[in-house]
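Now for the letters of each chain:
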Amino acid sequence: MVRDRAVDRVVTVLGETSIDVETGIELVSVGERLPDVADTVPIGPGTARMTVAGAAVCAADRLTPGKVLT
């Protein structure tokens, strides 16, 4: 199972440099749902869970209005 709060940790680090609180909350809300897929569909042996969380945050940015991540 993807480590609890991993998405929160990634968004917190991003929030220190490039995103506002409202955007961060939205990214966490969407991003927390995406790692569930990583727990049911193998991504690749040895893939770090923080990497999965980072990918979930990037995907959440693409799925929400107003792109803030590059």
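Here the structure is a predicted model, which is why all the values come from computation and not from measurement.

Asker: Would you take a moment to explain the side chain of Thr-64 for this structure?
Answerer: Note that Thr-64 resides in the segment after α4 (49-63). Thr-64 sits in the buried class, given a relative accessible area of 7%. Of the polar contacts made by the side chain of Thr-64, one reaches the backbone oxygen of Ala-60; its length is 3.0 Å. For Thr-64, the side chain forms a polar contact with the main-chain oxygen of Asp-61, separated by 3.4 Å. Sequence-distant contacts of Thr-64, defined by excluding residues within four places in its chain, comprise Glu-26, Leu-27 and Val-30.

Asker: Sorry if this is basic, but what is going on with the environment of Val-10 here?
Answerer: Checked against the element boundaries, Val-10 lands in helix α1 (residues 6-15). Sequence spacing of Val-10 and Gly-24 is 14 residues, and the spatial spacing of their C-alpha atoms is 9.8 Å. For Val-10, the residues in contact, after removing those within four places along its chain, are Met-50, Ala-53, Gly-54 and Val-57.

Asker: I'm lost on the packing of α1 against α4 in this one. Help?
Answerer: Working note: a packed helix pair is described by the angle between its axes plus the distance between those axes. Where α1 contacts α4, the two axes come as close as 8 Å, and the packing angle between them is 65°. Relative to α4, the crossing made by α1 is right-handed. Touching Ala-6, Val-7, Arg-9, Val-10, Val-11 and Leu-14 of α1 are Met-50, Ala-53, Gly-54, Ala-56 and Val-57, all from α4. The residue makeup of the contact of α1 with α4, split by class, is nine nonpolar, one polar and one charged.

Asker: Sorry if this is basic, but what is going on with the pattern of salt bridges here?
Answerer: Where charged atoms of side chains with opposite charge meet at close range, the side chains can pair. Under the counting rule described, the total for this entry stands at one salt bridge. Among the ionic pairs, Asp-61 bridges to Arg-62, the shortest N-O distance being 2.6 Å. A relative accessible area of 46% means that Arg-62 is categorised as partly exposed.

Asker: Explain the packing of helix α2 (residues 21-31) against α4 here, please?
Answerer: Between α2 and α4, the least distance of the axes is 8 Å, while the angle of their chain directions is 110°. The pairing of α2 with α4 is recorded here as roughly perpendicular in orientation. In this structure, α2 contributes Leu-27, Val-30 and Gly-31 to the contact, and α4 contributes Ala-56, Val-57, Ala-60, Asp-61 and Leu-63. Across the contact of α2 with α4, the residue classes tally to six nonpolar, one polar and one charged.

Quick notes on the rules
- Residues numbered from 1 in each chain as written.
- Predicted model: local features only at pLDDT ≥ 70, side-chain atom pairs only at ≥ 80, totals over all residues.
- Heavy atoms only, no water.
- Helix = DSSP H or I, 4+ residues; strand = E, 2+ residues; numbered from the N terminus.
- Buried < 20%, exposed > 50% of the residue type's maximum accessible area, 1.4 Å probe, protein only.
- Polar contact = N/O pair within 3.5 Å; in protein donor to acceptor, adjacent residues only side chain to side chain.
- Contact = heavy atoms within 4.5 Å.
- Axes fitted to C-alpha atoms, helices over the stretch in contact; angles between N-to-C directions.
- Left-handed = near helix turned anticlockwise from the far one by under 90°.
- Nonpolar A, V, L, I, M, F, W, Y, C, P; charged D, E, K, R; others polar.
- Salt bridge = Lys/Arg side-chain N within 4 Å of Asp/Glu carboxyl O.
- Parallel < 35°, antiparallel > 145°, perpendicular 65-115°, else oblique.

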